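Single-letter residue listing:
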Amino acid sequence: MLQKTSHFMRQANLINGEWVQADSGATIDVTNPATGLKLGTVPKSGKAETRRAIEAAESAFQTWRKTSALERSNLLRKLHQAIMDNQQPLAELLTSEQGKSLTEAKGEVAISAAYVLWFAEEARRTYGDVVPSPWRDRRILVTKEPTGVVAAIAPWNFPSSMLSRKIAPALAAGCTAVVKPASQTPYSGLAWGVLCDEVGFPKGTVNVITGSAGEIGDELCGNPLVKKLTFTGSTEVGKMLMAKCAATVKKVSMELGGNAPFIVFDDADIDRAVEGAMVAKYRNSGQTCVCTNRFFVQEGVYDTFVEKLAAASDKLKVGPGLEEGTQQGPLIDEKAVEKVEELIADATSKGGKVVTGGKRHKLGGSFFEPTVIAGARPEMKFMKEEIFGPVAPVFPFKTEEEAVALANDTEFGLASYFYTRDLGRTVRMMEALKYGMVGVNEGLITTVEAPFGGVKESGVGREGGHQGIEDYLDTKYVCIGGLGA
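Small disclaimer: the values here were computed from a predicted structure and weren't measured.

Draft legend 1. Expanded view of the overall build of the chain. Scanning the chain from N- to C-terminus turns up 14 helices and 20 strands. Computed over its C-alpha atoms, the radius of gyration of the chain comes to 23 Å, within 12% of the 23 Å expected for a compact globule of 485 residues. Each of the three principal axes of the chain carries a C-alpha extent, and together these read 75 × 60 × 40 Å. Put simply, the chain has 485 residues, and 55% of those count as buried. Sequence-distant contacts in the chain: of pairs separated by 6 or more residues, those separated by 24 or more amount to 73%. Here the chain displays about 19100 Å² of accessible surface, and carbon together with sulfur accounts for 53% of that area. Across the chain, the mean location of the 55 positive side-chain charges is 5 Å away from that of the 59 negative side-chain charges.

Draft legend 2. Quick look at the packing of aromatic side chains. Overall, the coordinates contain 9 aromatic pairs when judged by the stated rule. A ring pair is formed by Trp156 and Phe388, whose centres lie 5.7 Å apart and whose planes are at 85 degrees; its orientation type is edge-to-face. Linking Trp156 in the loop between β7 (149-153) and α6 (161-173) with Phe388 in the loop between β15 (371-374) and β16 (391-397), this pair joins segments that are 232 residues apart in sequence. Residue class for Phe388 comes out partly exposed when judged on its relative accessible area of 23%. Consider the rings of Phe265 and Phe397, whose centres lie 5.5 Å apart with planes at 85 degrees: the pair is edge-to-face. Taken together, the residues Phe265 in the loop between β12 (260-264) and α10 (270-282) and Phe397 in strand β16 connect sequence positions 132 residues apart.

Draft legend 3. Here's a closer look at the nonpolar core. In terms of nonpolar packing, the biggest core is built from 54 residues, with Leu76, Leu79, Ile83, Trp192 and Phe201 touching the most fellow members. The contacts of Leu76, once residues within four sequence positions are left out, are Val116, Phe119, Ala120, Ala168, Leu171, Ala172 and Phe201. In terms of nonpolar packing, the next biggest core, distinct from the first, is built from 32 residues, Ile270, Leu316, Ala374 and Ala415 among them.

Draft legend 4. Seen up close, the layout of surface pockets. What the largest pocket holds in volume is close to 1300 Å³. For the largest pocket, the lining is made up of 43 residues, of which Trp156, Gly233, Ser234, Val237 and Phe388 are closest to its centre. Here the element with the most residues in the lining of the largest pocket is helix α9 (residues 235-245); it accounts for 7 residues. Here the lining of the largest pocket is built from residues that sort into 20 nonpolar, 11 polar and 12 charged. Empty space within the second largest pocket amounts to approximately 280 Å³. Lining the second largest pocket are 16 residues, and of these Ile111, Phe158, Ser161, Arg283 and Leu444 lie nearest its centre. Sorting the residues of the lining of the second largest pocket by element identifies α5 (102-122) and α6 as the ones contributing at least two each. Here the lining of the second largest pocket takes 5 residues from α5, the largest share from any one element. Across the lining of the second largest pocket, the residue classes tally to 8 nonpolar, 3 polar and 5 charged.

Draft legend 5. Just the pairing of strand β13 (residues 292-298), in detail. Most of β13 is tucked away, with 7 of its 7 residues classed as buried. The parallel pair β12 and β13, bridged by α10, forms a crossover whose chirality is right-handed. For β13 and β16, the ladder comprises 4 bridges, and the chain directions are parallel. When the sheet's bridge partners are listed, Phe295 is paired in β16 with Val394.

Draft legend 6. Up close: the pairing of strand β10 (residues 226-232). Taking burial as the measure, the 7 residues of β10 include 6 buried ones, the bulk of the element. Bridging between β7 and β10 involves 5 bridges; their strand directions are parallel. Bridge pairing in β10 places Val149 opposite Val226. The pairing of β10 with strand β11 (residues 251-255) spans 5 bridges and is classified as parallel. Bridging from a neighbouring strand, Thr230 pairs with Ser253 of β11.

Draft legend 7. Structural view of the sheet that holds β12. With mixed pairing, the 7 strands of this open sheet are ordered in space as β14-β15-β16-β13-β12-β17-β18. Where the open sheet ends on each side, the last strands, each with one partner, are β14 (353-356) and β18 (437-440). The mean inter-strand angle of the sheet, taken between neighbouring strand axes irrespective of direction, is 25 degrees. Where α10 meets the sheet, it contacts β12, β13, β15, β16 and β17 (415-419), and its direction lies at approximately 170 degrees from that of β12. With respect to the sheet, helix α11 (residues 302-314) is in contact with β12, β13, β14, β15 and β16, its orientation differing from that of β16 by roughly 170 degrees.

Draft legend 8. Representation of empty space enclosed by the protein within the structure. For the structure on display, the rule yields 5 cavities of 30 Å³ or more. Each pocket or cavity is described by its volume, and for the largest cavity that value is around 90 Å³. Taken together, the elements giving at least two residues each to the lining of the largest cavity come down to α4 (87-98), α5 and α7 (186-199). If one sorts the elements of the lining of the largest cavity by residue count, α7 sits on top with 4 residues. Residue classes in the lining of the largest cavity are distributed as 8 nonpolar, 3 polar and no charged.

Draft legend 9. Layout of helix α13 (residues 400-408). Along α13, the residues that are buried comprise Glu400, Ala403, Val404, Leu406, Ala407 and Asn408. On its buried face, α13 sits against β12, β13, β16 and α14 (423-432).

Draft legend 10. Spatial organisation of a nonpolar patch on the surface. On the surface, a cluster of nonpolar side chains totalling about 300 Å² of accessible area is made up of Leu423, Val427 and Met430. The exposure class assigned to Leu423 is exposed, which follows from its relative accessible area of 66%.

Draft legend 11. Representation of the sheet that holds strand β5 (residues 129-131) in the model. The strand order β5-β6-β20 describes an open sheet built from 3 strands, whose pairing is antiparallel. What marks the edges here is a single partner per strand, and that holds for β5 and β20 (473-480). Averaged over all adjacent pairs, the angle separating strand axes in this sheet is 25 degrees, with direction ignored. Direction of pairing for strand β6 (residues 139-146) relative to β20: antiparallel, over a ladder of 8 bridges. Note that in β20 the partner of Leu141 across the bridge is Val478.

Cut-off values and rules
- Residues numbered from 1 in each chain as written.
- Predicted model: local features only at pLDDT ≥ 70, side-chain atom pairs only at ≥ 80, totals over all residues.
- Heavy atoms only, no water.
- Helix = DSSP H or I, 4+ residues; strand = E, 2+ residues; numbered from the N terminus.
- Rg over C-alpha atoms; globule rule 2.2 N^0.38 Å.
- Buried < 20%, exposed > 50% of the residue type's maximum accessible area, 1.4 Å probe, protein only.
- Contact = heavy atoms within 4.5 Å.
- Areas by Shrake-Rupley, 256 points an atom, 1.4 Å probe, with all protein chains shown as cover.
- Lys, Arg positive; Asp, Glu negative; His and termini not counted.
- Charge placed at Lys NZ, Arg CZ, Asp CG, Glu CD.
- Phe/Tyr/Trp six-rings, centres within 6.5 Å; stacked < 30°, edge-to-face > 60°.
- Core = buried A, V, L, I, M, F, W, Y, C linked by side-chain atoms within 4.5 Å.
- 1 Å grid on protein atoms, 1.4 Å probe; cavity = no way out; pocket = protein on both sides within 12 Å on 5 of 7 lines; lining within 4 Å.
- Points joined across faces, edges and corners; volume = space filled by probe spheres on them.
- Nonpolar A, V, L, I, M, F, W, Y, C, P; charged D, E, K, R; others polar.
- Right-handed = clockwise from strand over helix to strand, strands pointing away.
- Pairing = 2+ DSSP bridges.
- Axes fitted to C-alpha atoms, helices over the stretch in contact; angles between N-to-C directions.
- Patch = residues over 30% accessible without salt bridge, like charges linked within 9 Å, V, L, I, M, F, W, Y side chains within 5 Å.
- Salt bridge = Lys/Arg side-chain N within 4 Å of Asp/Glu carboxyl O.

Here it is, written out as structure tokens:
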């Protein structure tokens, strides 16, 4: 790892502008999933440290909320530039702790910076309203104000960009933040603390805490000083956090699990569909919430699609993320590998056929072969369960109505994809799919300009787009009377 990377690899927590250890001195080991070797440690903090971070954020909020939108915008622009100036070392750090290829990591760092720039612009556009009054002697104003201290809990699969979607709009709105990165990938989260500190955000504006998820989460949910909690992760944990936040009626934003369908119709451009499938399935080794979980392919092109998808999957270069040319890195840990193996075993026991892959990669560790399974059927586990690995089950279907029914047969509703060249079908499908995001003839649709989020049990709220700052603002109505007009 380059020396410059270690500048961002802080093995301490940031509380009120100070880099500190846990009160107990306890630490958590962080390992490189590609090698299994220890990278370093981070503090194993708990309730007391989290409470101090919240109090620091509350104190900083009293001043930060009064800064002008232009001041906040200018600081965020500096942060954007600092991220891009350090794209390479930040990406190397991300790859070292998470495993994804360096190319993907550089892309993640770049979109992290792009979110910061987007919300630097949105900071100046949190418009209110002057409402026509029903009374001659009164005026009605509607204003937007920062919500307060924000708790942000990030996942391990996108440890930088998922925080960007939370920290950037919070700061843009005039809120302060207490950030809890995932214990498997804490350094990319702590790097945000380094960057925010160095570009000049006031102390206490951004605090970063690592440690016990249970203790830290309980304090973030229960502390009345925290006015909003934003979480990206599993639906199971999201439901628990929502329940705990109910006691203090916090605002919540939840970006939860997915079960994305990828539908290919007979009239689709098959080569384009396969190209989109490779991105939608294998990005980050299949460990994304918008990854395709279920491929539904119409009977007329089923065999052709399976053959071409398997051939493309075979060509993926699996290896350590920092190695030149790597396209797919390791899974995050042994538990992830075992989950993938369990799903494949379930499929083959129910008649599924492994066309390519299907087992641990010869590199060992948590590397796994890109896998395509033909003959997938609704009774198989991955019809309902999120795979979170490089496995592509392909289900056949006959009619458009059947495809819609299969795609919507899940409690999740995050991302969906379909391929067709029929305009009428395009409109019918985009309206019929019960998902927060729909890709038409595209396998990668995330962009800072558009709202990211799901429906049903995939979450509440939106990140990105002009909608992304709304959850960090409170709407206030002001009635001014006695004007004698």
